Amino acid sequence: MGSGGLELPPGGEGHEGSGSTDVPPGAVSLARPMGAGSIGPELEWDAGAWLEVRTRAQRAGRAYIWLNLVEQRLRAVVAAVLRPVYEPVHGDDWVVAAAGPAGQEWVQRAVAVREVSRRKGYLLDPADDNVLSFLTLPQLRELMVQHWPCFEPYFDQRRDLELALDELEVTRNVVSRNRALSEAVLNQAERASARLLELLGSAGDVPSAARLPVDAVEDLVGDRYADVVAVHSDRVRLMGQFPAEDLFGGARRLDAIGIGLNLLVQNFSGRRLVRLAESGCRVRLLFLNPASSAVKRRERELGMRRGELARSVEMNILHMRRVRSRLRDPGAFEIRVYDETPRFTAYLVDGDGADGIGVVQSYLRGARGMESPVLVLRGGSRVVKSDQAGETGIFPTYREEFEAAWADSRPVS
């Protein structure tokens with residue numbers, strides 16, 4: 001007898017689905033698959049479907065990390081501010097008391113969920129055995145709004161706080177229901193989360209975060225990738241995510257080595273370079289000697305006309321010389337050339353300190369610099385696990401290579 005009150009046909013011989021004549025009245029006939037593989041193709045995912053679900057999972061995973069960080073931080077802030085007010089009088093029920101009559105429904109629901117979790121063994125960490133751990137992001141927000149006079153001494157930008165939480169609400173609902181998350185909404189959620197963490201006083205202490213913000217995923221799993229924080233398939237995509245102004249603006253030291261250094265020369269104006277140098281930035285630029293045999297070999301590799309690359313490098317050097325001539329202290333803006341085979345191009349910003357940023361490209365035989373893959377490196381302040389603090393990544397390798405090439409180079413007058 002089935003759960004709906006219908007009698008199922010027996011499964012023995014003589015009862016092969018609808019072909020049997022011995023099915024009693026009122027029984028439901030269960031048709032069996034015609035072949036072992038008849039149902040398989042209908043359940044298979046093709047390459048497009050797998051790509052779609054992986055994209056969804058990646059976006060949801062990033063969003064979940066941000067939401068998790070924000071919720072934990074908000075929970076800690078609420079506890080730090082409201083616990084001393086209510087716990088002396090109400091003890092362990094301080095969250096219920098803080099919710100008051102207006103929040104009685106949702107706080108009682110949280111209490112019930114906590115009790116169920118206790119009975120079923122879902123509380124794996126004793127630190128989570130409290131009502132506050134079962135409040136959602138909107139409920140934590142409600143506690144802050146209800147008791148804003150308590151929070152006001154710590155946060156003077158209530159509107160910014162609430163707007164950022166509003167922006168997160170769409171993402172929270174999508175992620176909690178495992179629905180598709182668009183890239184635009186994900187980007188909005190990441191910006192809102194970063195803003196919230198900043199407002200809540202946990203923006204991090206990585207010195208280079210002002211130029212290259214620490215991503216939530218990097219913060220959690222960055223130790224798997226040394227100090228590489230981003231990889232771009234070409235320079236166009238790099239510039240879309242990390243414009244020259246963000247890279248070079250505000251630098252106190254800039255070391256660059258390559259063939260023509262187009263990323264700097266063609267994307268950062270001479271006037272801006274003058275202001276940067278006058279503000280105290282020490283600049284060292286190392287070009288490939290346009291008269292060297294290495295330039296001719298590179299021209300042949302790229303299929304360029306004879307002398308084309310050499311003239312381009314010469315023009316870049318002349319442009320940097322004009323910039324240097326406008327400075328009160330030309331000695332802080334050094335230009336040199338080298339004659340060795342070019343192996344990579346690197347822009348090391350503030351590479352002598354703990355907040356360095358590096359942009360590195362290897363030279364490929366058939367691809368120009370604009371078309372080559374790009375690595376973005378973070379210097380000495382990479383977030384690492386405590387047992388890996390001694391690892392230095394690859395940033396120092398390129399810094400040492402630059403210094404060695406600089407020592408063997410010749411100055412440009």
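Preceding this paragraph is the structure being described.
So, here is what we can say about the structure in this document. The shown structure was predicted, so the numbers you read here are calculated from the model rather than taken from an experiment. (Residues numbered from 1 in each chain as written. Predicted model: local features only at pLDDT ≥ 70, side-chain atom pairs only at ≥ 80, totals over all residues. Heavy atoms only, no water.)

Along the backbone of the chain there are 16 helices and 8 strands. Within the chain, the proportion of its 413 residues that are buried is 40%. Taking contacts inside the chain between residues at least 6 apart in sequence as the whole, the part at least 24 apart equals 70%. Of the roughly 23,200 Å² that the chain leaves accessible, carbon and sulfur atoms contribute 51%. (Helix = DSSP H or I, 4+ residues; strand = E, 2+ residues; numbered from the N terminus. Buried < 20%, exposed > 50% of the residue type's maximum accessible area, 1.4 Å probe, protein only. Contact = heavy atoms within 4.5 Å. Areas by Shrake-Rupley, 256 points an atom, 1.4 Å probe, with all protein chains shown as cover.)

Quick look at the sheet that holds strand 6 (residues 357-362) now. Read across the open sheet, the 8 strands follow the order 1-7-6-5-2-3-4-8; overall the sheet is mixed. The sheet is open, and its two edges are formed by strand 1 (228-232) and strand 8 (410-411), each paired on a single side. Here strand 6 runs beside strand 7 (residues 374-378); their pairing, made up of 4 bridges, is antiparallel. Bridged to Val 359 within strand 7 is Val 376. (Pairing = 2+ DSSP bridges.)

So, about empty space enclosed by the protein. Counted according to the given criterion, the structure contains 1 cavity of 30 Å³ or more. Space inside the largest cavity adds up to approximately 50 Å³. Surrounding the largest cavity, Arg 141, Met 144, Val 145, Trp 148, Arg 158, Leu 161, Glu 162 and Leu 165 form its lining. Those elements giving two or more residues to the lining of the largest cavity turn out to be helix 5 (137-146) and helix 7 (158-176). (1 Å grid on protein atoms, 1.4 Å probe; cavity = no way out; pocket = protein on both sides within 12 Å on 5 of 7 lines; lining within 4 Å. Points joined across faces, edges and corners; volume = space filled by probe spheres on them.)

Attention shifts here to the packing of helix 13 (residues 270-278) against helix 15 (residues 308-325). In a pair of packed helices, the angle between the axes and the distance between the axes together describe the arrangement. Running from N to C, helix 13 and helix 15 cross one another at 45 degrees; their axes reach a closest spacing of 9 Å. The angle between the axes of helix 13 and helix 15 places the two elements in the oblique class. Viewed along their axes, helix 13 and helix 15 form a crossing whose handedness is right-handed. Every residue of helix 15 that contacts helix 13 at Gly 270, Leu 273 and Val 274 is listed here: His 319, Met 320 and Val 323. Its residues assigned to classes, the contact of helix 13 with helix 15 shows 4 nonpolar, 2 polar and no charged. (Axes fitted to C-alpha atoms, helices over the stretch in contact; angles between N-to-C directions. Parallel < 35°, antiparallel > 145°, perpendicular 65-115°, else oblique. Left-handed = near helix turned anticlockwise from the far one by under 90°. Nonpolar A, V, L, I, M, F, W, Y, C, P; charged D, E, K, R; others polar.)

For the rest of this paragraph, the subject is the pattern of salt bridges. Under the definition given, this model contains 28 salt bridges. Close ionic contact of Arg 83 with Glu 87 constitutes a salt bridge, the shortest N to O distance being 3.4 Å. With Arg 83 and Glu 87 both in helix 2 (residues 47-90) and 4 residues apart, this pair spans about one turn of that helix. Overall, Arg 83 belongs to the partly exposed group, its relative accessible area being 34%. Residue classification places Glu 87 among the partly exposed residues on the basis of a relative accessible area of 30%. (Salt bridge = Lys/Arg side-chain N within 4 Å of Asp/Glu carboxyl O.)

Time to look at the side chain of Ser 117. Checked against the element boundaries, Ser 117 lands in helix 4 (residues 104-120). Taking the relative accessible area as the measure of exposure, Ser 117 reaches 8% and is therefore buried. Ignoring anything within four residues of it in the chain, the contact list for Ser 117 reads Tyr 122, Leu 123 and Phe 134.

Before going further, it helps to spend a moment on the nonpolar core. Formed by 60 residues in total, the largest nonpolar core has its most connected members in Phe 248, Leu 285, Phe 287, Met 320 and Phe 333. At 6 residues, helix 15 tops the list of elements feeding residues into this core. Grouped together as the second largest cluster of nonpolar side chains are 43 residues, Ala 63, Ala 79, Leu 137 and Val 174 included. (Core = buried A, V, L, I, M, F, W, Y, C linked by side-chain atoms within 4.5 Å.)

Here we take up the side chain of His 232. In this fold, His 232 is placed in strand 1. His 232 sits in the buried class, given a relative accessible area of 13%. Setting aside its immediate chain neighbours within four residues, His 232 contacts Arg 237, Leu 238, Gln 241, Pro 373, Val 374 and Val 376.

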